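Residue-level structure breakdown
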Amino acid sequence: MILGLETSCDETAAALISPQGKILSNVVSSQADLHARYGGVVPEIASRRHLELVTPVIREALAGAGAELGDVELIGVTTGPGLIGALLVGVAAAKAVAWARRLPLAAVDHLHGHVASLYLEPDPLDPPFLCLLASGGHTLLLDVQERGGTPRVLGTTLDDAAGEAFDKGARLLGLGYPGGAEIDRLAREGDPGAYTFPVARVPGLDFSFSGLKTALLYAVRELSPEELERRRADLAASYQRAIVRALVGRIQQAAADLGANQVAVVGGVAANSELRASLPEAAAAPLELCTDNAAMIASAARFDKAIPYPGYLGLDAYASSA
Ligand code: KG4
Ligand code: ZN
C-alpha cells in the first residue's frame, strides 16, 4: 500500500491507499481552530503544530487501515508549493519513515495532488479533461492529457485566488475563518440577485478577483451594523454568485476553445455547493477530497517517478513553483 503525507498549510494529513487507488484510511487533522483568532494561517504556529501531530496522524492512518509500517511499499509526500516550514515537517517525517524501511519516496507537487483526487476509487476519472483547480492559494485552468506529468496551464488568477476571495469576503462580512464554507452556508438564506457585483473582464482565460473584493468592501461600508446584520445573507449570496459566475464562465469558454468533452473541478472551492450545482455535467472531486488531504497525495504518488532508497535524503521542499 501507499502512504501519503500532506503538511503544506494548516492540515496535518496522512492516508493509506491501495496501488489501485482504493482509500484504506484518510486522516486529516485541521488546525483551523488554532489559526481562527488570527483570521488566517500563522506559518510558525502551523509548523509547530505539524511537528506535534505528524506522528500521531500517521499512527492513526495505519490503525484505520488495519496496517503496519511493514505493509507500506511507497511513500508520497507534498514537497511544495506551500508554507516552507510546514512542508519541511512532512518531508522530514516522510524521509525518516522511508529511510528506516528502505522504501522509495515520491516527491508530490500539491497541485498535482489536487488533480489526482479525481483518480481514486470508486469513480476514477480518465484523462483527457479540462480541470479547474480552485483553492485558497491557486486558481488554475488545466488541460490534463495524462495522469502523470505536468498539465498545460490555460489560465490563472492575476491577483487573488478564488478561495482567497471567499476568505477575504467572509472577513469583510464578519464571518469566521476559513470563510468559503461559511459563505456557502449563509448564501443559502440570501438572495443572490440582491446586489450586483462586477466580474472582472480580463483577456484570455485568466481570472481576477481583487475588484470583486473591493466592491464588497464598499457595499459593506455603506451599511450600519444593524443593516449589515440584516443584509449579510444577501451580500454572501450575491458575492458567491459573482465568484461562481466568473469560474463557470471561464470553464465554459475554455471547454469550447479546446473542444473538451470532459470537465472537472478540484480544490477547496470545488466543495462550494453553488459551483457544483452550476456544473452538473462536470466531474467534481468527492467533497471530503476537495480540501487538503493526504489521500490525493498518495494518489498522485502512483503516477510520479519514485526516488529509490536512499536517494531522497537530500530532497528539499519548495514554497512556490515559480
Ligand atoms: O484546497 P484547500 O484546502 O487548500 C489550499 O490548497 O489552499 O482550499 C482551501 C480553500 C479556502 O480558501 C476555503 O475558504 C475554500 O477552499 N473553501 C470553500 C468551501 N470550502 C472550502 N470555498 C467555497 N465554498 C466552500 N464550500
Ligand atoms: Zn490545497
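The structure we're discussing is the one just above.
Residues numbered from 1 in each chain as written. Chains lettered and ligands numbered in written order. Predicted model: local features only at pLDDT ≥ 70, side-chain atom pairs only at ≥ 80, totals over all residues. Heavy atoms only, no water.

1. Things to note about the coordination of the zinc ion (ligand 2)
Think of it this way: four donors in a tetrahedron around the metal ideally sit 109.5 degrees apart, and six in an octahedron ideally sit 90 or 180 degrees apart. Applied cut-off: Shown as donors are all N, O and S atoms within 2.8 Å of a metal ion, widened to 3.2 Å for Na, K and Ca; because water is not in the atom set, sites may appear incomplete. Geometry assignment treats four donors as tetrahedral when all angles are between 85 and 135 degrees, treats four as square planar and six as octahedral when opposite donors are over 155 degrees apart and all others between 65 and 115, and treats everything else as irregular. Secondary structure elements are taken from DSSP: a helix is a run of H or I of four residues or more, a strand is a run of E of two residues or more, and numbering for both begins at the N terminus. To sort residues, take the accessible area from a 1.4 Å probe on protein chains only and compare it with the maximum for the residue type: under 20% means buried, over 50% means exposed, and anything in between is partly exposed.
Summarising the metal site, the zinc ion (ligand 2) is bound by the protein donors His-110 (NE2), His-114 (NE2) and Asp-292 (OD), whose distances to it range over 2.0 to 2.1 Å. For the zinc ion (ligand 2), the four donor atoms in the first shell make angles of 96 to 133° at the metal, so the coordination geometry reads as tetrahedral. Written as a sequence motif, the donor residues of the zinc ion (ligand 2) are H-x3-H-x177-D. Taken together, the positions of His-110 in helix H4 (residues 110-116) and Asp-292 in the loop between strand E10 (283-284) and helix H10 (295-301) put the pair 182 residues apart, joining distant regions of the chain. Across this residue pair, the class does not change: His-110 and Asp-292 are buried.

2. A closer look at the site of ligand 1
Our working definition: Near residues are defined by distance, with any heavy atom within 4 Å of the molecule or strand qualifying the residue. Polar contacts, as counted here, are pairs of nitrogen or oxygen atoms within 3.5 Å of one another; within protein the pair requires one atom able to donate a hydrogen and one able to accept it, and residues that are adjacent in sequence qualify only if both atoms are side-chain atoms. Exposure was quantified through the Shrake-Rupley algorithm and a 1.4 Å probe, taking into account, for residues, occlusion by the shown protein chains and nothing else. Polarity classes work like this: nonpolar for Ala, Val, Leu, Ile, Met, Phe, Trp, Tyr, Cys and Pro, charged for Asp, Glu, Lys and Arg, and polar for all others, with Gly in that last group.
Taken together, 18 residues lie near ligand 1, and Gly-136, Asp-167, Gly-180, Asp-184 and Asp-292 sit nearest. At 3.2 Å, a side-chain N or O of His-110 approaches an oxygen atom of ligand 1. Within the contact set of ligand 1, an oxygen atom lies 3.1 Å away from a backbone nitrogen or oxygen of Gly-163. Within the complex, the protein chains bury 88% of what would otherwise be the 560 Å² of accessible surface of ligand 1. Listing elements by their share of the shell around ligand 1, those giving two or more residues are H4, helix H5 (162-172) and helix H6 (179-187). Taken together, the residues of the shell around ligand 1 sort by class into five nonpolar, 10 polar and three charged.

3. Points about the nonpolar core
Counted only if it meets this: Residues belong to one nonpolar core when they are buried, are Ala, Val, Leu, Ile, Met, Phe, Trp, Tyr or Cys, and are joined through side-chain atoms within 4.5 Å. Contacts between residues were defined by any pair of non-hydrogen atoms, one from each residue, lying within 4.5 Å.
Phe-197 and Leu-235 are the most contacted members of the largest nonpolar core, which totals 77 residues. Here the element with the most residues in this core is helix H8 (residues 225-258); it accounts for 14 residues. Those residues within four positions of Phe-197 in sequence are excluded, and the remaining contacts are Leu-212, Ala-215, Leu-216, Ala-219, Leu-235, Ser-238, Tyr-239 and Ala-242.

4. Some points on H6
Every buried residue of H6 is listed here: Gly-179, Ile-183, Asp-184, Leu-186 and Ala-187. Buried residues in H6 make contact with H5, H8 and helix H9 (273-278).

5. What about the pairing of strand E6 (residues 129-134)?
Keep this limit in mind: A pair of strands counts as paired when DSSP detects no fewer than two bridges linking them.
With respect to burial, E6 is a largely interior element, six of its six residues being buried. Side chains Phe-129, Cys-131 and Leu-133 of E6 all project onto a buried face; the interleaved residues Leu-130, Leu-132 and Ala-134 project onto the opposite face, where all are buried too. Bridge analysis of E6 against strand E7 (residues 139-144) gives six bridges, and the strand direction is antiparallel. Within E7, the position partnered with Leu-133 by the bridge is Leu-140. Note: E6 against strand E9 (residues 263-266), four bridges, orientation parallel. Looking at E9, one finds that Cys-131 is bridged to Ala-264.

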